[in-house]
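Working through the structure, step by step
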Amino acid sequence: MNSKYEAVIGLEVHAQLLTETKLFCGCSTKFGNPPNTNVCPICLGHPGVLPVLNKKAVEYAVLMGLATNCRINEKSVFARKNYFYPDLPKGYQISQYDLPVCEAGHIDVDLSDGSTKRLGITRIHLEEDAGKSIHDQAFETLVDVNRCGVPLIEIVSEPDMRSAEEAYQYLSKIKQIVQYLSICDGNMEEGSLRCDANISVRLKGETKLGTKTEIKNMNSFKNVEKALNYEIERQIELIEDGGKVIQETLLWNADLNIASPMRGKEEAHDYRYFPEPDLMPVIVSNDWVKEISENLPELPEARKQRFTSEYKLPTYDADILTSSRDLADYYEEVAKVTADYKSASNWIMGDILKVVNETKTSIKDFSIKPVQLGKLINLINNNTISGKIAKDVFPFMLKEGKDPEVIVKEKNLVQITDSSAIESAIQKILNNNPNEVEQYLSGKEKVFGFLVGQVMRETKGKANPKAVNDILKESLEAKRK
Amino acid sequence: MPVSKKDVEHIAELAKLSFEESEIESFTGDLNEILSYVEKLNELNTDNVEPLSYPIPGQNVFRDDISTPSASTQEALKNAPDKDESFFKVPKVINMD
Ligand SMILES: [Zn+2]
């Protein structure tokens, strides 16, 4: 970014709520069902039907409000947002306008320079999702109404972000929080988390906002960062060349890596909001808020702090391990089995996350259960196997899903700690390598490592490395006399 | 006049309605008449009155998050002017190119 300028970014994030049923009818929200099967007269927008509000959706919105330091409005009101589109059968979307469920919150994000920044949340409101249009047909557009009426919360930020990085961190944090709360699965690629951005640029020190554009269709975290950087650069170049930014909506094209203006002469946003006459004001009493707040799980920030104090982990480890609730849960299950907290962290951050990322599995479905990893660590710490052998056991656990002690027994990998067995292996190696022994005795102590390696090979890696070291040194020193 | 002919055309466009020129003229007159009648309410001082979203008092009732049977696809599509076995068909909305 040209250092004379700064960007001003606000994000609108839609999160699909993990309720069983839709916002205003009892149809299932299940994803992937055959088209037009999760539908009824209410979500199809037939005349004369009445919406009935799903209590759980309101609870989820309140949970999100509490987790992001919002004020929970005792009274909120649904409103009609009017526009025509085929995937919106009623001709309006039921949303909230001037009285949303939650207002005036904030979250803190960590930035790469080590600083922390507080970013404001203007509001969180409830609304229904639209259906799905399929455009790739020759002559007509096909409409599937299954998604129509699925509950969403829209989280609107203040225009507090000054770079694509800040926006990325904000979005990551929102995703992390909805996942911790188990109110949304946070999958941008599948569209259960969606993000639109408002962007403008201005000279540093300027207090007036520049003309903004809106970018839509950024359906991955990577695309959000790319699209924002693209648009920031475009606006700066335009202004530097004496041009003017015009207010418009742009669609991000992930194949071409450009944002282009939305085509078609859509009427400028004129949604003519008015209070939804079919729904009375929603009252969220203090008692209800209290009840909901009792279900508030430990949030990422608090859990991270606890990981550093309770398990004495470095901040770096705690940060990674608490990045998702499932991963943090996995870690804590391991920590119940072994008290070697740092080894547990190393195994998870190293070997396990590597496989998880490579195979794109979720840690929840990982074939090595936390208990099994804990047992493996214990086998190392009680000298049953060496750390090196553990690395050989790991792939078998991964493939066969068996307990480590079973694999160790089956493959006969138990560490040799019996000193007579180690001694005889050492004698054999010393007899077979008279030259190296000679070199060692004449002061070339470097060959010691070679001899250790030979002994480990002789014992197929099963000898306790420390015992090998000690006994080998003793035997060699004995030869000096 | 608070409502212009252009306003009426804009509202008609939003509502996907088309009118004759003469109808637009007469609606412009009608809308202005209605608005000036309602205008009378502005004479009241409402400084200490909360905005009213609903004419009757009351609050929302909730539904538990328990699923109920949906309609069959055939039933859902029954009244559609155009359809195939599983989708509603509408005139093409976007050209994919
Ligand atoms: Zn329904």
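Residues numbered from 1 in each chain as written. Chains lettered and ligands numbered in written order. Predicted model: local features only at pLDDT ≥ 70, side-chain atom pairs only at ≥ 80, totals over all residues.

This brings us to the sheet that holds strand S16 (residues 274-275) of chain A. All names here are of chain A. The strand order S6-S5-S16 describes an open sheet built from three strands, whose pairing is antiparallel. Each edge of the open sheet carries a strand with a single partner, namely strand S6 (92-96) and S16. Where strand S5 (residues 78-82) and S16 come together, two bridges link them in antiparallel fashion. The residue bridging Ala79 from the neighbouring strand is Pro275, located in S16. (Pairing = 2+ DSSP bridges. Helix = DSSP H or I, 4+ residues; strand = E, 2+ residues; numbered from the N terminus.)

The next subject is the confidence of the model for chain B. Looking at chain B as a whole, the pLDDT averages 86, with 95% of positions reaching at least 70. Predicted complex metrics record ipTM = 0.85 and pTM = 0.80. (pLDDT = per-residue confidence, 0-100.)

A few words now on helix H9 (residues 370-381) of chain A. All names here are of chain A. Relative to the 16 Å expected for 12 residues at 1.5 Å per residue, H9 spans 17 Å between its end C-alpha atoms, a close match to the ideal helical length. Where H9 is concerned, the buried positions are Pro370, Gln372, Leu373, Gly374, Leu376, Ile377, Leu379 and Ile380. On its buried face, H9 sits against helix H7 (325-337), helix H8 (341-359), helix H10 (387-400) and helix H11 (404-410). (Expected span 1.5 Å × (residues − 1). Buried ≥ 20, exposed ≤ 12 C-beta atoms within 10 Å, placed from the backbone. Contact = placed C-beta atoms within 7 Å.)

Moving on, we come to the environment of Ser420 of chain A. Examined against the element boundaries, Ser420 of chain A turns out to sit in helix H12 (residues 419-432). Separated by 51 residues in sequence, Ser420 of chain A and Ile471 of chain A have C-alpha atoms that sit 9.9 Å apart.

Take the packing of helix H13 (residues 434-441) of chain A against helix H15 (residues 465-480) of chain A next. Residues and elements named next belong to chain A. Interaxial distance between H13 and H15 falls to 10 Å at its minimum, and their mutual angle equals 75°. Here H15 runs roughly perpendicular to H13, going by the angle between their axes. On the side of H13, the interface is formed by Val437, Tyr440 and Leu441, while H15 contributes Leu476, Lys479 and Arg480. Residue composition of the contact of H13 with H15, by class: four nonpolar, no polar and two charged. (Axes fitted to C-alpha atoms, helices over the stretch in contact; angles between N-to-C directions. Parallel < 35°, antiparallel > 145°, perpendicular 65-115°, else oblique. Nonpolar A, V, L, I, M, F, W, Y, C, P; charged D, E, K, R; others polar.)

We now examine unusual backbone geometry. Residues and elements named next belong to chain A. In this structure, Asn217 takes a positive phi of about 70° despite not being glycine. In this fold, Asn217 is placed in the loop between strand S13 (213-216) and helix H3 (221-240). The partly exposed category is assigned to Asn217, around which 17 C-beta atoms lie within 10 Å. Of note, the phi angle at Lys360 is positive, near 55°, even though the residue is not glycine. Mapping Lys360 onto the fold places it in the loop between H8 and H9. On the basis of neighbour count, Lys360 is assigned to the exposed category, with 6 C-beta atoms found within 10 Å.

All names here are of chain A. Residues Ala61, Met64 and Ala167 are the most contacted members of the largest nonpolar core, which totals 82 residues. In this structure, Ala61 is in contact with Val101, Cys102, Ile124, Leu126 and Ile153, ignoring residues within four places of it in sequence. In terms of nonpolar packing, the next biggest core, distinct from the first, is built from 30 residues, Phe307, Ala344, Val393 and Met397 among them. (Core = buried A, V, L, I, M, F, W, Y, C linked by C-beta atoms within 7 Å.)

With that settled, the discussion passes to the interface of chain A and chain B. Chain A puts 39 residues into the contact, and the matching count from chain B is 30 residues. Of all elements in the fold, only strand S2 (53-54), helix H1 (55-67), strand S10 (140-144) and strand S17 (282-283) of chain A reach the threshold of two or more residues within the side of chain A that touches chain B. Residue composition of the side of chain A that touches chain B, grouped by class: 20 nonpolar, 11 polar and eight charged. As paired elements, S10 of chain A and strand S2 (residues 88-91) of chain B share four bridges and run antiparallel to each other. Within S2 of chain B, the residue paired with Glu140 of chain A across the bridge is Pro91 of chain B.

As a further point, take H7 of chain A. The terminal C-alpha atoms of H7 of chain A lie 19 Å apart, and with 13 residues this matches the ideal 18 Å at 1.5 Å per residue to within 8%. Turning to H7 of chain A, its buried residues number three or more, namely Arg325, Leu327, Ala328, Tyr330, Tyr331, Val334 and Ala335 of chain A.

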